Amino acid sequence: MPKQPTANPNEPTARFAEYLQANNLRLTPERRAVFEVILTLDGHFDAEELLEFLRRRKKRVSRATLYRTLDHLREAGLVKVHRFGHGHSLYEHIVGRKHHDHMVCTRCGTVIEFVNDEIERLQEEMCKLHAFKSTSHVMEIFGVCAECQAKEKKG
């Protein structure tokens, strides 16, 4: 099992470098380029979109390196992977971002992020009630977005 970083929790590049070092890997220029570009992205992206984005910016990264780097970033706790039912994985960096949940349109694939403190409180309450120690959670609500509902009404 890969080792988790222990120091520099507030500095993402140092955290990634420590994770790699703990797992006998190097922070190569390609890995650094992938991570730096990911940190500039807002929202969700898939690996192929990221690869195209890197290539448009003249960053030479192979598809295999990209996928391995995404796996390392996930293991280091810097990127989350989601499978919203689209048939492929979507990623988002979680550096400096508050925990949030998702609503996913099953028609167009739109992903709406939301934060609700009451939902978080209820989840914590349920964990306490059942003497359950939560380490993480994911909430995904699937349905039809307002735009797709409006299209259905017109059609």
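Residues numbered from 1 in each chain as written. Predicted model: local features only at pLDDT ≥ 70, side-chain atom pairs only at ≥ 80, totals over all residues. Heavy atoms only, no water.

S.K.: Please clarify how the nonpolar core should be interpreted in this entry.
M.R.: Generally speaking, a soluble globular protein has its nonpolar side chains buried in company with each other. Membership of the largest hydrophobic core comes to 22 residues, with the highest contact counts inside it found for Phe16, Ile38, Leu50, Leu66 and Leu70. Elements represented by at least two residues in this core include exactly helix 1 (12-22), helix 2 (29-40), helix 3 (47-56) and helix 4 (63-75). With five residues, the single largest contributor to this core is helix 3. Leaving out residues up to four positions away in the same chain, Leu66 has contacts with Val34, Ala47, Leu50, Leu51, Leu54 and Val61. (Core = buried A, V, L, I, M, F, W, Y, C linked by side-chain atoms within 4.5 Å. Buried < 20%, exposed > 50% of the residue type's maximum accessible area, 1.4 Å probe, protein only. Helix = DSSP H or I, 4+ residues; strand = E, 2+ residues; numbered from the N terminus. Contact = heavy atoms within 4.5 Å.)

S.K.: How should the state of the cysteines be read in this particular structure?
M.R.: Simply put, the disulfide is a covalent bond whose two ends are the sulfur atoms of two cysteines. Inspection of the entire model under this criterion finds zero disulfides. Summary of cysteine pairing: Cys148 is not part of a disulfide, and the nearest cysteine sulfur, belonging to Cys145, is at 3.6 Å. Cys148 gets classed as buried once you look at its relative accessible area, which sits at 10%. (Disulfide = S-S within 2.5 Å.)

S.K.: Would you explain the packing of aromatic side chains in this entry?
M.R.: By convention here, two paired aromatic rings are described through the distance between centres and the angle between planes. A complete count under the given rule lists two aromatic pairs for this structure. When the ring of Phe16 is compared with that of Phe35, the centres are 5.3 Å apart and the planes differ by 50 degrees; the resulting orientation is tilted. One end of the pair, Phe16, is in helix 1; the other, Phe35, is in helix 2, with 19 residues separating them in the sequence. The burial state of Phe16 is the same as that of Phe35; both residues are buried. Consider the rings of Phe45 and Tyr91, whose centres lie 6.0 Å apart with planes at 25 degrees: the pair is stacked. With Phe45 in the loop between helix 2 and helix 3 and Tyr91 in strand 2 (residues 90-93), the pair connects residues that are 46 residues apart, well separated along the chain. Classification of Tyr91 by relative accessible area gives buried; the value is 8%. (Phe/Tyr/Trp six-rings, centres within 6.5 Å; stacked < 30°, edge-to-face > 60°.)

S.K.: Help me understand the packing of helix 1 against helix 4 in this model?
M.R.: Helix-helix packing: each pair is described by the crossing angle between the helix axes and the interaxial distance. It is the contact of helix 1 with helix 4, at a shortest axis distance of 10 Å, that shows an interaxial angle of 100 degrees. On the basis of the axis angle, helix 1 is roughly perpendicular to helix 4. Contacts between helix 1 and helix 4 involve Phe16, Tyr19 and Leu20 on the former and, on the latter, Thr69, His72, Leu73 and Glu75. Of the residues contributing to the contact of helix 1 with helix 4, the split by class is four nonpolar, two polar and one charged. (Axes fitted to C-alpha atoms, helices over the stretch in contact; angles between N-to-C directions. Parallel < 35°, antiparallel > 145°, perpendicular 65-115°, else oblique. Nonpolar A, V, L, I, M, F, W, Y, C, P; charged D, E, K, R; others polar.)

S.K.: Teacher, can you tell me more about the side chain of Asp46 here?
M.R.: Residue position: Asp46 is located in the loop between helix 2 and helix 3. Of the polar contacts made by the side chain of Asp46, one reaches the backbone nitrogen of Glu49; its length is 2.6 Å. Apart from the residues lying within four places of it in its own chain, the contact partners of Asp46 are His88, Ser89, Leu90 and Tyr91. (Polar contact = N/O pair within 3.5 Å; in protein donor to acceptor, adjacent residues only side chain to side chain.)

S.K.: Would you mind showing me how to read a nonpolar patch on the surface here?
M.R.: The grouping of Met103, Ile112 and Ile141 at the surface amounts to a nonpolar patch, some 220 Å² of accessible area in total. Mapping Ile141 onto the fold places it in strand 5 (residues 140-143). Taking the relative accessible area as the measure of exposure, Ile141 reaches 38% and is therefore partly exposed. (Patch = residues over 30% accessible without salt bridge, like charges linked within 9 Å, V, L, I, M, F, W, Y side chains within 5 Å. Areas by Shrake-Rupley, 256 points an atom, 1.4 Å probe, with all protein chains shown as cover. Salt bridge = Lys/Arg side-chain N within 4 Å of Asp/Glu carboxyl O.)

S.K.: Help me out: how do you make sense of the pairing of strand 3 (residues 101-105) in this one?
M.R.: Side chains on a regular strand alternate between the two faces of the sheet. Of all five residues that make up strand 3, four are buried, and the element is covered over most of its length. The pairing of strand 3 with strand 4 (residues 111-114) spans four bridges and is classified as antiparallel. The residue bridging Asp101 from the neighbouring strand is Phe114, located in strand 4. Here strand 3 hands over to strand 4 after five residues, with Gly109 in that stretch at a positive phi of 85 degrees. Inspection of the sheet shows strand 3 paired to strand 5 by four bridges, in the parallel sense. The residue of strand 5 that forms the bridge with His102 is Glu140. (Pairing = 2+ DSSP bridges.)

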